[in-house]
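Per-entry structural report
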Amino acid sequence: MKDNTFTIVGLSGKKLLKGSIPVFGAKNNVLKVMAAAALIEGESTFTNVPDIADVVAMGKLLEDLGGYVKRDEHTLRVNAKDITGTVLNSALAKSMRASIVLLGPLLARFGSVTFPHPGGDVIGERPIDLFISGFQKLGAEFSESGDSYTLKAPQGLSGGEIFFRIVSVTATETFMMAGTKANAPLTLKNCAMEPEVVALAEYLISCGAKIEGVGSSTLVIYPSVLTPPAAPFAIVPDRIEAATFLALGAIAGESITVTGVVPAHMDALLDALRSTGASVTVDGDTVTISAPEVIQPIKLRTHEYPGFPTDAQAPMMVVLTQAEGESTVVETIFNGRLNYTTELVGMGAKISVVNPHRATIKGKTPLKARDIDGPDIRAGLSFILAAAIADGTSHIGNAHLVDRGYEAIEKRLASVGLQITRS
Ligand code: EPU
């Protein structure tokens, strides 16, 4: 693949990065509102849309179903009036986990949806049992043929109550969307409360949906007539992008400012960074960080929002390789999300993975440059961070995986002084 490798000249531990980095709209919000737009016979406009590969893929999925998708810089228009298809394009759906949320709008609007097992990051098991059992509870029939699944509910989805055995971002979002067109009110319990889930609810409300309990773990969704929103909907800033840049600042920043963020969405992250000794200043929609002289070790446990986000675990791991002493990371959400640490060990980090959910990190260890491939979006970024502080020049392959979630990453990192190019 062309232009698929980043070359990074490491700073050998020097804290020289300086300047500000804009944070764009969140991948995990834009993909969901694009899917939600499939509920509506008319046009929605989204602003602050990041230019990332997953948005292109979701756009193609909607177009393949008969929808209209048009992007102009950071603005995106979606019109699902002419959607008639109910079979998801298998290759596109398999390219990203977010395709699963289309089950909600398509089943609720057309009474049928056919889909493959969704793909996405290789971060452990990504089952879909909550979706199947949830829709069955709402009266849908499930069948399997070859490698595709079909859900059918020709009389529409009943309302009622679903208790999620496991807190799930995409399951909460999918059933929130489905509930807007069910035959009766739907109560969802033990919901995910991530800012991106709240933002999806706000978009649906701007289209006429009635949803109670937004931001809490119990949602009640009332059947409503949805119409195109009167005003453009702004995608919520990407707190995970911000976390990545701030982690870089904690290890290599003379002073790095991230702009265009919602600091209130990052309490757990800012607390963790401050606990390492980093100086963190919040001012309106900006956060500034400077690397401390000595990074303190910490105990970190990923958790559903408002806990520490699993998506920021890998960047934070790189920070902890530079802490003086022993840190612990407990990954509670995914069972394959510590696999990437092997590569950091290859760069000189002392990380022991005790079991698939727990790692101990002994620092501080200087890191040496390496040529490695990123296995997914977040781990790929953490390799870029590790390469940034390493001694020597690293090549990080699989840039296309980073492009799934980060717009023009090399340009933004170069703007604060990192020597990073793509070839
Ligand atoms: N789970 C089940 N059964 C299901 C669904 C989920 O057991 O039917 C389990 C998962 O295996 C996991 C837990 O529930 O152990 C929580 O996973 P969740 O469903 O919340 O994850 P997701 O919705 O598939 C979203 C983000 C992820 C992010 C997680 C957790 C999208 C498209 N993806 O995934 O983002 O890590 O929530 O916050 O919204 C990323 O952006 O790099 C990314 C992986």
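Computed from a predicted model, the values in this text were never measured in an experiment.

Remarks on the pattern of salt bridges
One pass over the structure, following the stated rule, counts 16 salt bridges. A salt bridge links Glu 212 to Lys 210; the shortest N-O distance between them is 3.8 Å. You can call Lys 210 partly exposed: its relative accessible area is 45%. In this structure, Glu 410 engages Arg 422 in a salt bridge whose closest nitrogen and oxygen atoms are separated by 2.8 Å. Residue Glu 410 is located in helix H14 (residues 409-414), and its partner Arg 422 is located in strand S23 (residues 419-422); the two are separated by 12 residues in the primary sequence. On the accessibility criterion, Arg 422 (23% relative accessible area) is partly exposed. Among the ionic contacts, a cluster of salt bridges with common partners joins Asp 403, Glu 410 and Arg 422.

What about the domain arrangement of the protein chain?
Once the domains are mapped, the protein chain shows domain 1 (5-24 + 237-422) and domain 2 (27-234). Summarising the inter-unit geometry, the C-alpha centres of domain 1 and domain 2 are found 31 Å apart. At the interface, 21 residues of domain 1 touch 24 residues of domain 2. For the pair domain 1 and domain 2, the summed buried surface comes to about 1,900 Å²; carbon and sulfur atoms form 49% of the total. Looking only at domain 1, the three residues that lose the most surface to domain 2 are Tyr 305, Arg 404 and Glu 407, adding up to 33% of its buried area. For the interface between domain 1 and domain 2, the tally reads 2 salt bridges. A salt bridge links Arg 239 to Glu 196, with the nearest nitrogen and oxygen atoms 2.8 Å apart. Where domain 1 meets domain 2, there are 7 residue pairs in polar contact (both at pLDDT 80 or more). Here the residues of the side of domain 1 that touches domain 2 are counted per class, giving 7 nonpolar, 4 polar and 10 charged.

A look at the packing of helix H1 (residues 27-36) against helix H2 (residues 53-64)
When two helices pack together, you describe them by how their axes are tilted relative to each other and by the distance separating the axes. Packing of H1 against H2 leaves a shortest axis separation of 10 Å and a crossing angle of 10°. As far as their axial angle goes, H2 and H1 are roughly parallel. On H2, the residues touching Lys 27, Val 30, Leu 31, Met 34 and Ala 35 of H1 are Asp 54, Val 55, Met 58, Gly 59 and Leu 62. By residue class, the composition of the contact of H1 with H2 is 7 nonpolar, 1 polar and 2 charged.

Focus on the nonpolar core
Counting residues in hydrophobic clusters, the biggest one holds 77 residues, and the most contacted among them are Phe 46, Phe 115, Leu 157, Tyr 203 and Leu 204. Other than its neighbours up to four places away in sequence, Leu 157 contacts Leu 107, Ala 108, Phe 135, Leu 138, Ala 140, Ala 178, Ala 182 and Asn 183. Counting residues in each nonpolar core, the second largest holds 71 residues, with Met 316, Tyr 340, Leu 344 and Ala 359 among its members.

Side note on the sheet that holds strand S11 (residues 210-212)
Strand order in the open sheet formed by 4 strands is S9-S10-S12-S11, with mixed pairing between adjacent strands. Bordering the open sheet on either side are strand S9 (160-163) and S11, each of which pairs with just one other strand. Along the sheet, successive strands turn relative to each other by an average axial angle of 15°, direction set aside. Relative to the sheet, helix H6 (residues 169-179) contacts S9, strand S10 (186-189), S11 and strand S12 (218-222), its axis offset from that of S12 by approximately 25°.

Here's the deal with the pairing of strand S19 (residues 350-355)
Across 5 bridges, the pairing between S19 and strand S20 (residues 358-363) is antiparallel. Bridging from a neighbouring strand, Asn 355 pairs with Arg 358 of S20. Hairpin connection from S19 to S20: 2 residues lie between these consecutive antiparallel strands.

Digging into unusual backbone geometry
Glycine aside, residues mostly have negative phi, and peptide bonds are mostly found in the trans state. A cis geometry characterises the amide bond from Tyr 305 onward to Pro 306, with omega recorded as 10°. Mapped onto the fold, Pro 306 is located in the loop between strand S17 (299-301) and helix H10 (313-320). With an omega of 5°, the peptide bond running from Gly 363 to Lys 364 counts as cis. Turning to its location among the elements, Lys 364 is positioned in the loop between S20 and strand S21 (371-373). The phi angle at Ser 12 is positive, at roughly 50°, despite the residue not being glycine.

Some details on the side chain of Asn 29
Residue placement: Asn 29 occurs in helix H1. What Asn 29 contacts, discounting residues up to four positions off in sequence, is Glu 196, Ala 199, Leu 200, Phe 233, Ile 235 and Val 236.

Topic: the sheet that holds strand S6 (residues 112-116)
Read from one edge of the open sheet, 3 strands run S6-S8-S7, paired in antiparallel fashion. A strand with exactly one partner marks an edge of an open sheet, and here the two such strands are S6 and strand S7 (141-145). Ignoring strand direction, the axes of neighbouring strands in this sheet form an average angle of 20°. With 5 bridges connecting them, S6 and strand S8 (residues 148-152) associate as antiparallel partners. Bridge pairing in S8 places Val 113 opposite Leu 151. Contacts between helix H4 (residues 103-110) and the sheet are confined to S6 and S8, with S6 contributing the most and set at about 150° to the helix.

Some details on the packing of aromatic side chains
For any pair of aromatic rings, geometry is given as the distance between the ring centres together with the angle between the planes. Inspection of the entire model under this criterion finds 8 aromatic pairs. Consider the rings of Tyr 203 and Phe 233, whose centres lie 5.6 Å apart with planes at 70°: the pair is edge-to-face. Here Tyr 203, found in helix H7 (residues 195-206), pairs with Phe 233, found in strand S13 (residues 233-234); they are 30 residues apart in sequence, far enough to count as distant. Phe 233 sits in the buried class, given a relative accessible area of 11%. Put simply, the rings of Phe 46, Tyr 203 and Phe 233 touch in pairs and so form one group of aromatic residues.

Here is what the cut-offs are and how they apply
- Residues numbered from 1 in each chain as written.
- Predicted model: local features only at pLDDT ≥ 70, side-chain atom pairs only at ≥ 80, totals over all residues.
- Heavy atoms only, no water.
- Salt bridge = Lys/Arg side-chain N within 4 Å of Asp/Glu carboxyl O.
- Buried < 20%, exposed > 50% of the residue type's maximum accessible area, 1.4 Å probe, protein only.
- Helix = DSSP H or I, 4+ residues; strand = E, 2+ residues; numbered from the N terminus.
- Domains from an automatic or database assignment.
- Contact = heavy atoms within 4.5 Å.
- Buried area = accessible area lost by both parts, 1.4 Å probe.
- Polar contact = N/O pair within 3.5 Å; in protein donor to acceptor, adjacent residues only side chain to side chain.
- Nonpolar A, V, L, I, M, F, W, Y, C, P; charged D, E, K, R; others polar.
- Axes fitted to C-alpha atoms, helices over the stretch in contact; angles between N-to-C directions.
- Parallel < 35°, antiparallel > 145°, perpendicular 65-115°, else oblique.
- Core = buried A, V, L, I, M, F, W, Y, C linked by side-chain atoms within 4.5 Å.
- Pairing = 2+ DSSP bridges.
- Phe/Tyr/Trp six-rings, centres within 6.5 Å; stacked < 30°, edge-to-face > 60°.

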